[in-house]
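Summary of structural features
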Amino acid sequence: MSAAAAVPASAPPVLGLHNIRKEFGGVVAIEDFSLDVRAGEVVALVGDNGAGKSTLIKIICGVYPPTAGRILIDGGDVRFSDPSESQARGIQVVYQDLALAERQPVYMNLFLGREATTGPFRRLDRKRMIRESEELVHGLDVRIPSARSTIRDLSGGQRQGVAIARATHWASKLVLMDEPTAALGVAETQKVEKIIRGLRERNLAVLVISHSLDQVFRISDRICVLRRGVQVGVRNTRETTNNEIVSMITGLQ
Amino acid sequence: MAGKLAQLRSVDPSQYIVYVGFVLILIGFSIVLRDDGFLTTRNLLNIVQQTTPVTIMAVGMVFVLTAGEIDLSIGPIVAVSALLASLVLRESFWPLGAAVGLLAGAAIGAVNGVLVAYVRLPSFLVTLATMGFLSGVARWITDLQSVPITNDTFNAIFGAGSLFGVPSLLIWTVAIVLVGHFFYHETRYGAHVHAIGDSAHSARAVGIKVDRVRFSVMVLSGVAAGLAGLLYAGRLHGARYTLGETDLLTVIAAVIVGGTRLNGGVGTIFGALIGSLLMGLLNNGLILMGLSVSEQLMVRGLIILAAIALTLREARR
């Protein structure tokens, strides 16, 4: 990708994970996981159910602290104690459950936690939030009736679109996606994949969890396989095969 | 065009039922009680003034319910705040008395808030327990004795006084409703209150300090109940442990009928004001109709039940 090539080879990776370990009350969920993700690169994280993929995403964005290991952003050590801290560093997450407030309108969800205000009394600037929301969702080709629609009145695909629009809008470095197309139809999945390619063109780093290997081969530059909490290997997407990845996931030859 | 249509369809009838109900009951009483002085400025103003404490607690309760919590302890907070204020007023200036009343409300609200937000106990159980405890405190402070307030300035500001001919209780109502409306609908704080009641998990995921907001709404409700206590004390020229005793039902009914959801995320301050006035209207009209106290209670209970059933039925989809 041309955008990736623009980054000097010496630049530290956007995200560096070194020997991450996570235990939940003695149960090991992640055992020694290391991975670098560079700007303008899409890395797919694959593995069976319970391999620890979602846990890993939650460790990176600050929901869980790692039991051991280092997390580096742009080469510097970080320790996020809650998601607002990772957001402040330009990291956004599309959670598997989307993390939307269902009874609030689309525009409030897009600006949730970062509401725009105006004037000396810091009143909510609804007009501006609505305008920017309309631009944002149209730009990403997410079809919703209006930015004022309540999330509850939207379809699954539309909700997914809103969650992705929020993450892509606020991210300036890294986007973490936990199965962003799990609940979507063919056309909607294509849109999401287009959005992911758009992120790469914006020179963001993307770490995406997916169960669809076809999709992984379509969108990713590298594939990282996680098996029972252990990182079993990273492959360049162009240099590997479906069979190799499957055998890495299952541990069978 | 499509956007406009979607907007129209997304209008939630439960938010407007209260206004229709209010007008209908107003018209109904105006006809039935046309010879009993119901529809006089004086009587209507009287209703507004009598409901001031309930209105103010309703404003606090809108924040609490929208945040997905509940505060059952407001009744005895009213009594405790009023009693403490009136005890201080015996010895001291009115501002100190008022401050003590408000601080008592804030402190109790803070205890509720710590237990709910940081110890993570359910607010229903926490405030049920503090309600019981504080009912005891209210009786214990003065050993069931009422405390008169002879400070005229206090009684004017929190009771029967007026400013440029406008009754002070009316000023309190308007001021608190407007301030409440501003914070609820027009600020980031209000947006966060909505978000945490809608989905605490999602709010946390986008970086909202859920615990802090939860704590704050409980304090807010405590302060509102403390102010309500001062307003009762000012109007009645004294405090007694029975103050606020029956207000919990009225406040919650006013808020729910006004269009605020019991399960969080949705509400309105103006709706709560109209809901509260509706409760006052019922009270007043039933008295003027000459119903006995027991009949009033039964009729009021049935009307509240009908109103809530109607509101919630429309709200469910």
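Residues numbered from 1 in each chain as written. Chains lettered and ligands numbered in written order. Predicted model: local features only at pLDDT ≥ 70, side-chain atom pairs only at ≥ 80, totals over all residues.

Some points on the domain arrangement of chain A
Residues and elements named next belong to chain A.
- The domain architecture assigned to chain A consists of domain 1 (13–90 + 171–253) and domain 2 (98–170).
- A C-alpha centroid distance of 26 Å is found between domain 1 and domain 2.
- The interface is formed by 12 residues belonging to domain 1 together with 9 residues belonging to domain 2.
- Counting residues per element, the side of domain 1 that touches domain 2 draws most heavily on helix α7 (residues 186–201), which supplies 5 residues. (Domains from an automatic or database assignment. Contact = placed C-beta atoms within 7 Å. Helix = DSSP H or I, 4+ residues; strand = E, 2+ residues; numbered from the N terminus.)

Some words on helix α12 (residues 247–257) of chain B
All names here are of chain B.
- By the criterion of burial, α12 is predominantly enclosed, with 10 of the 11 residues buried.
- Taken together, the buried positions of α12 are occupied by D247, L248, T250, V251, I252, A253, A254, V255, I256 and V257.
- Positioned one or two residues after α12, G259 has a phi angle of 110 degrees, which is positive. (Buried ≥ 20, exposed ≤ 12 C-beta atoms within 10 Å, placed from the backbone.)

Quick word on the confidence of the model for chain B
- Averaged over all residues, the pLDDT of chain B is 90; the fraction at 70 or higher stands at 94%.
- Taken together, the chains of this predicted complex give a pTM of 0.89 and an interface ipTM of 0.85. (pLDDT = per-residue confidence, 0-100.)

A closer look at the packing of helix α7 (residues 152–160) of chain B against helix α11 (residues 210–236) of chain B
All names here are of chain B.
- Viewed as axis vectors pointing N to C, α7 and α11 meet at an angle of 110 degrees, and their least axial separation amounts to 7 Å. With respect to each other, α7 and α11 are oriented roughly perpendicular. Considering only the axes of α7 and α11, their crossing is left-handed. Note on element contacts: α11 touches α7 through L230, L231, A233, G234 and R235, opposite F154, N155, I157, F158, G159 and A160.
- Grouping the constituent residues of the contact of α7 with α11 by class yields 7 nonpolar, 3 polar and 1 charged. (Axes fitted to C-alpha atoms, helices over the stretch in contact; angles between N-to-C directions. Parallel < 35°, antiparallel > 145°, perpendicular 65-115°, else oblique. Left-handed = near helix turned anticlockwise from the far one by under 90°. Nonpolar A, V, L, I, M, F, W, Y, C, P; charged D, E, K, R; others polar.)

Side note on the environment of B:S123
All names here are of chain B.
- By the element assignment, S123 lies in helix α6 (residues 123–141).
- On the basis of neighbour count, S123 is assigned to the buried category, with 24 C-beta atoms found within 10 Å.
- Distance from S123 to L72, taken between C-alpha atoms, is 8.5 Å for residues 51 residues apart in sequence.
- Aside from chain neighbours lying at most four places away, what touches S123 is E69, I70, D71 and V116.

Structural notes on the interface of chain B and chain A
- The interface is formed by 22 residues belonging to chain B together with 24 residues belonging to chain A.
- Secondary structure elements with two or more residues in the side of chain B that touches chain A: α1 (2–9), α9 (188–198) and α10 (200–205) of chain B.
- For the side of chain B that touches chain A, the element with the most residues is α9(B), which contributes 5 residues.
- Looking at the side of chain B that touches chain A residue by residue, the class counts come to 9 nonpolar, 10 polar and 3 charged.

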